[in-house]
Amino acid sequence: MTSILGIDNGLTVTKAVIFDVSGQQIAVARRRIPQLLPAPHHVERDMEGLWRATAEAIAEAIQASGRPASDIVAVAATAHGDGLYLLDHENRPLGNGILSLDGRAGAICDGWRDRADAALKLTGQIPPACSPAALLAWVRDNEPDRFAQIGTFLACKDWLRFCLTGSIGTDRTEASTAFTDVQTQDYTLDALQLFDLENVAHALPDIAGSAKIVGHITPEAARLTGLVAGTPVAAGLHDVTASALGIGGHATGVVAIVAGTYSINEVVSDAPNTDQRWLCRNAILPGQWNNMALSPASAANYDWFIETLCQAELSAATKAGASIHAALAVEIDAALSKPTTLIFHPYLYGSPYGPQASASFTGLRGWHNRGDMLRAVLEGIVFNHRTHIDALRAGFSVTEARLTGGVARNPAFAQMFADILGIPVTTSQTEEAAAWGAALCAGAAVGLYDSPLHDPRDMSLLGQTYSPDPARAAAYEARFQLYNKITDSLAPLWPEIEALVP
């Protein structure tokens, strides 16, 4: 029976998911990947350890499927975007991989303010600290010996592709993180020169379509994973794009929302449209662009609240094999049934306003309880998504939203999105959306689908649509405007707050 393997590597977990050709999930296996924090603002991982863990997950998924590995006709990977995975001239890992949570290059980005407009016009984006451009510049300035040994630089999923096939390269979506011309959608030496990185022009990986076969499982990879040697491997794609694809949101007129560690909001367009508020990158198909407005300020705030203030309930739920989210939903629903002065800014790990912004509860009073605070946290998360989506709506036509992310399974949270955004919001039952996005590329590469955009599933049966309620929408609008006023008031104070700790 024909099946497809999608590999999804996030910031903490790597997954191997086997699907049948109809999109039905057959088996999944996961491994946690330790993050290494060797210095402040440095977030890394061992590249060989990542590959071993991924290989173990693949082997476990094959075993759990109850089917022979020969049933798997194609493989593709997706993984966190940006960051930096270096190989030397012998194609060996050159130090640890650098994750997209890494902030070591923040000062370099600050020093590039004089070239921000040029970068935006040429590449479609102003480089964030996790950009390959910024990280390569940091290595150049701080580790010159390592810089001199660079043979190629890859994204995370491209390292996994190399481990599976021995072939080096990237795909269209990943290539556009730093060094492509936003008009031609191909590499340009001008981008390297803009960042004083011409010396690594030789290290640019070749670009392939996301659904193009770029190699086959090697005998060594087969031994470690249980896959059949010679199985085709497609180029794959950036996980932000893969998630949108996996929920049917990689399409014009739709804003795809991922409420995870990052607040991710993306719209596909048929022409490039650049603005400092979003990243204009390559979409899956030539002649289309994926416009991403994002910040590390989404459901990670909710996870922090649970881990910090709900330890007893979390421990009890874990022991009972129950959902902590279901237990807390009762408190959240009670809080939603009454008015509140409590407003939360979800900037625990980052914001749309730079790294100095910090999170805060405003309007907190002695009679508020934990449910009230949880409601404010969820509302603040959605307000931050709206900040990004309002920016996108200034440049693109958006008529509906597709929403994914663990907390999005809470109906109250999904309804909050619809009320705050003022448009229909459809959630997806697809649990492994990014892995399915990768699997669609693999299936299209071997002719199972006409293209990655031809999802065989009936999307109308896979989600629930929430429509905005006019009365609630009006109430949230007033609260959102106050949220913005508080943001404006706090912004001048954030640097002083940060300066309290040398």
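For the structure, see preceding data.
Note that this is a predicted model, so its numbers are computed, not measured.

Participant: Whenever I open this one, the pairing of strand β21 (residues 425–428) confuses me. Can you help?
Facilitator: Regular strands have side chains that alternate between both faces of the sheet. A two-sided burial pattern is seen for β21, the buried positions comprising Val425 and Thr427 on one face and Thr426 and Ser428 on the other. In this structure, strand β20 (residues 400–404) lies alongside β21, joined through 3 bridges in parallel fashion. By the bridge assignment for β21, Arg402 is matched with Thr426. The parallel pair β20 and β21, bridged by helix α15 (residues 411–421), forms a crossover whose chirality is right-handed. The sheet contact formed by β21 and strand β22 (residues 463–466) spans 4 bridges and is antiparallel. From the neighbouring strand, Val425 faces β22, where its bridge partner is Tyr466.

Participant: How do you make sense of unusual backbone geometry when you look at a structure like this?
Facilitator: Here the phi dihedral of Asn91 falls at roughly 65 degrees; this positive angle occurs in a residue that is not glycine. Assignment of secondary structure puts Asn91 in the loop between β6 (85–88) and β7 (97–98). The exposure class assigned to Asn91 is partly exposed, which follows from its relative accessible area of 32%. The phi dihedral of Asp196 falls on the positive side, at around 60 degrees, and the residue is not glycine. By the element assignment, Asp196 lies in the loop between α8 (189–194) and β10 (207–208).

Participant: Looking at this model, I keep getting lost on the pattern of salt bridges. Mind explaining?
Facilitator: As a working rule, side chains carrying opposite charge can pair if their charged atoms are close by. Within the structure shown, the criterion is met by 30 salt bridges. A salt bridge links Arg104 to Glu44, with the nearest nitrogen and oxygen atoms 2.7 Å apart. Placement of Arg104 in the loop between β7 and α2 (106–111) and of Glu44 in strand β4 (residues 44–45) is noted, with a sequence separation of 60 residues between them. This pair shows no difference in class: Arg104 is buried, exactly as Glu44 is. Residue Glu400 is joined to Arg402 by a salt bridge in which the shortest nitrogen-to-oxygen separation is 3.9 Å. The structure contains a network of salt bridges with shared partners spanning Lys157, Asp158, Asp171 and Glu174.

Participant: Is there a simple way to think about the environment of Phe19 in this case?
Facilitator: Mapped onto the elements, Phe19 comes out in strand β2 (residues 13–20). Taking the C-alpha atoms as reference, Phe19 lies 32 Å from Asp186; in sequence the two are 167 residues apart. Setting aside anything within four residues of it in sequence, one finds Phe19 in contact with Ser3, Ile4, Gln24, Gln25, Ile26, Glu432, Ala435, Trp436 and Ala439.

Participant: Looking at this structure, how should I read the side chain of His80?
Facilitator: You can see His80 is positioned in the loop between β5 (72–79) and β6. A distance of 2.9 Å separates a polar atom in the side chain of His80 from a polar atom in the side chain of Tyr85. For His80, the residues in contact, after removing those within four places along its chain, are Asn9, Gly10, Leu11, Arg45, Tyr85, Ile98, Leu99, Ser100, Cys156, Glu174 and Asp239.

Participant: Explain the sheet that holds strand β17 (residues 289–295) to me, please; I cannot follow it from the model alone.
Facilitator: Strand pairing in a sheet takes place through backbone hydrogen bonds and is either antiparallel or parallel in direction. Pairing is mixed in the open sheet, where 7 strands are placed in the order β16-β17-β15-β14-β20-β21-β22. Lying at the two open borders of the sheet, with one neighbouring strand each, are β16 (279–282) and β22. Shown here is a sheet whose adjacent strand axes are inclined to one another by a mean of 25 degrees, direction ignored. Sheet topology places strand β14 (residues 254–259) next to strand β15 (residues 263–269); 5 bridges connect them, and they run antiparallel. Within β15, the residue paired with Val255 across the bridge is Val267. Of the strands in this sheet, β14, β20, β21 and β22 touch α15, which is tilted by about 150 degrees from β21.

Participant: Just to check I follow, could you spell out helix α14 (residues 370–393) for this structure?
Facilitator: Since the α-helix packs 3.6 residues into each turn, any two residues three or four apart lie on the same face. The terminal C-alpha atoms of α14 lie 34 Å apart, and with 24 residues this matches the ideal 34 Å at 1.5 Å per residue to within 8%. Among the residues of α14, the N-terminal cap falls to Asn369, whose side-chain oxygen and the backbone nitrogen of Gly371 are separated by 3.0 Å.

Participant: Help me out: how do you make sense of the packing of aromatic side chains in this one?
Facilitator: Each aromatic ring pair is described using two quantities: the centre-to-centre distance and the angle formed by the ring planes. In the structure shown here, the tally under the stated rule is 16 aromatic pairs. With a centroid separation of 4.6 Å and an interplanar angle of 40 degrees, the aromatic rings of Phe344 and Phe361 are classed as tilted. Here Phe344 is found in strand β18 (residues 343–345), whereas its partner Phe361 is found in strand β19 (residues 360–362), with 17 residues between them in sequence. Phe344 sits in the buried class, given a relative accessible area of 2%. Between Phe413 and Phe417, the aromatic rings sit 5.1 Å apart at their centres with planes inclined by 85 degrees, giving edge-to-face as the arrangement. Taken as a pair, Phe413 and Phe417 lie in helix α15 at a separation of 4 residues, close to a single helical turn. Exposure remark for Phe413: the relative accessible area of 1% places this residue in the buried category. Taking relative accessible area as the criterion, Phe417 reaches 0% and is therefore assigned buried. Among the aromatic residues, those joined into a ring-pair cluster are Trp112, Phe153, Phe179 and Phe195.

About the cut-offs
Residues numbered from 1 in each chain as written. Predicted model: local features only at pLDDT ≥ 70, side-chain atom pairs only at ≥ 80, totals over all residues. Heavy atoms only, no water. Buried < 20%, exposed > 50% of the residue type's maximum accessible area, 1.4 Å probe, protein only. Helix = DSSP H or I, 4+ residues; strand = E, 2+ residues; numbered from the N terminus. Pairing = 2+ DSSP bridges. Right-handed = clockwise from strand over helix to strand, strands pointing away. Salt bridge = Lys/Arg side-chain N within 4 Å of Asp/Glu carboxyl O. Contact = heavy atoms within 4.5 Å. Polar contact = N/O pair within 3.5 Å; in protein donor to acceptor, adjacent residues only side chain to side chain. Axes fitted to C-alpha atoms, helices over the stretch in contact; angles between N-to-C directions. Expected span 1.5 Å × (residues − 1). Phe/Tyr/Trp six-rings, centres within 6.5 Å; stacked < 30°, edge-to-face > 60°.

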